[in-house]
Amino acid sequence: MDRFLDISRLSIQFPRSAVPVLRQVDLQIARGEYVAVIGHSGCGKSTLLNVIAGLLPPSAGGVVLEGKEIDGPGPDRAVVFQNHSLLPWLTCYENIRLAVDQTVGRKMSKAERHAWVMETLALVHMTPAKDKRPAEISGGMKQRIGIARALSMRPKVLLLDEPFGALDALTRAHLQDQVMEIHAARGTTVVMITHDVDEAVLLSDRIVMLTNGPNATVGEILKVELPRPRNRLALAADPAFVAARTAVLEFLHARHANPAMSAA
Ligand SMILES: Nc1ncnc2c1ncn2[C@@H]1O[C@H](COP(=O)(O)OP(=O)(O)OP(=O)(O)O)[C@@H](O)[C@H]1O
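If you check an unreviewed UniProt entry, the protein chain appears there as ABC transporter ATP-binding protein from Dankookia rubra. The Sequence similarities (unreviewed entry) comment attached to the protein chain in UniProt states, word for word, "Belongs to the ABC transporter superfamily." Note on the protein chain: under the UniProt heading Subcellular location (unreviewed entry), the record states "Cell membrane".

Trainee: Mind showing me how you'd approach the overall build of the protein chain here?
Mentor: The helix and strand inventory of the protein chain stands at nine helices and ten strands. Rg of the C-alpha trace for the protein chain: 19 Å, near the compact-globule value of 18 Å for 264 residues, within the 12% margin. Reported as C-alpha extents along the three principal axes, the dimensions of the protein chain are approximately 55 × 45 × 40 Å. Expressed as a percentage of its 264 residues, the buried residues of the protein chain come to 39%. Partitioning the contacts of the protein chain with sequence separation of at least 6, the portion at a separation of at least 24 is 71%.

Trainee: What should I look at first to understand the sheet that holds strand E1 (residues 5-12) in this one?
Mentor: One key point about sheets: their strands pair by backbone hydrogen bonds, in either a parallel or an antiparallel sense. The strand order across the open sheet formed by four strands is E2-E1-E4-E5, and the pairing between neighbours is antiparallel. Bordering the open sheet on either side are strand E2 (22-29) and strand E5 (68-69), each of which pairs with just one other strand. Relative to E2, E1 runs antiparallel, the two being bridged by five bridges. Note that in E2 the partner of Leu10 across the bridge is Val25.

Trainee: Please clarify how helix H8 (residues 239-255) should be interpreted in this entry.
Mentor: Helical geometry note: an α-helix holds 3.6 residues per turn, so side chains three or four residues apart project in the same direction. With 17 residues, H8 should reach 24 Å at 1.5 Å per residue; the first-to-last C-alpha distance of 22 Å fits that figure. Looking only at H8, the buried set comprises Ala244, Arg245, Val248, Phe251 and Leu252. Lining the buried residues of H8 we find strand E3 (34-38), helix H6 (197-203), strand E9 (206-210) and strand E10 (218-223).

Calculation criteria
- Residues numbered from 1 in each chain as written.
- Predicted model: local features only at pLDDT ≥ 70, side-chain atom pairs only at ≥ 80, totals over all residues.
- UniProt positions renumbered as here; feature names shortened; annotations may be inferred.
- Helix = DSSP H or I, 4+ residues; strand = E, 2+ residues; numbered from the N terminus.
- Rg over C-alpha atoms; globule rule 2.2 N^0.38 Å.
- Buried ≥ 20, exposed ≤ 12 C-beta atoms within 10 Å, placed from the backbone.
- Contact = placed C-beta atoms within 7 Å.
- Pairing = 2+ DSSP bridges.
- Expected span 1.5 Å × (residues − 1).

Right, here's the structure in full:
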């Protein structure tokens, strides 16, 4: 398989901790693939994403992107967190423009940068709100601007750390549909952390299921063979969708039940 993003023998142990959080994680991700990482709270999903982002060094093993070992953060990997991190004194346009100027800026003229920001705003359907400041828009809109800002840097990999976790169900569904559209339009490679089984099945090409921590590792990988574009309504009763959903639920609740719940 194409080893666009290659995580091999990765272990993470925090200082003053007796056991590793993650142990011997092996995962190869192809260019353009959409991969979801799912697992119980505290198993190390964010830790894994932080290593790919270059925010955390591996204790053993490593991550290689297009043949180059990751040894720090870089614009080739953009992260979107659950809580949007927009600069409150800048408008939506300016928040994205700043990211463009700081990353791809030197390679583009002023007019090209403007056009690129406008194109990215349109991609998340936020053109009408371009002159609003973050305090003037809803949580879902802020998250759309956060995603647009990440995409504006033309990352090789988009890292999503529970990007819809703080949103209500309807807004969440709307954003999931938009991320599917963006993935189809731009072909960006995506690694997304989620707790939501339906979200994982709807969006992903593969679902990586982590075992419980500490010493968590890849327990199983499920290939989601549903054709794209995917429609949430049509899929709700689709036997392949239901089977994938059941397989993930089976893994999480039967074979790797939440340790916190079983201790209660
Ligand atoms: N900087 C740190 N120093 C020490 N321990 C840490 C640090 N960051 C995370 N941990 C521990 O590592 C484990 C994994 O944390 P992580 O946030 O990666 O889990 P998660 O699967 O993303 O959890 P959740 O689903 O609740 O967000 C937890 O036990 C956490 O307490």
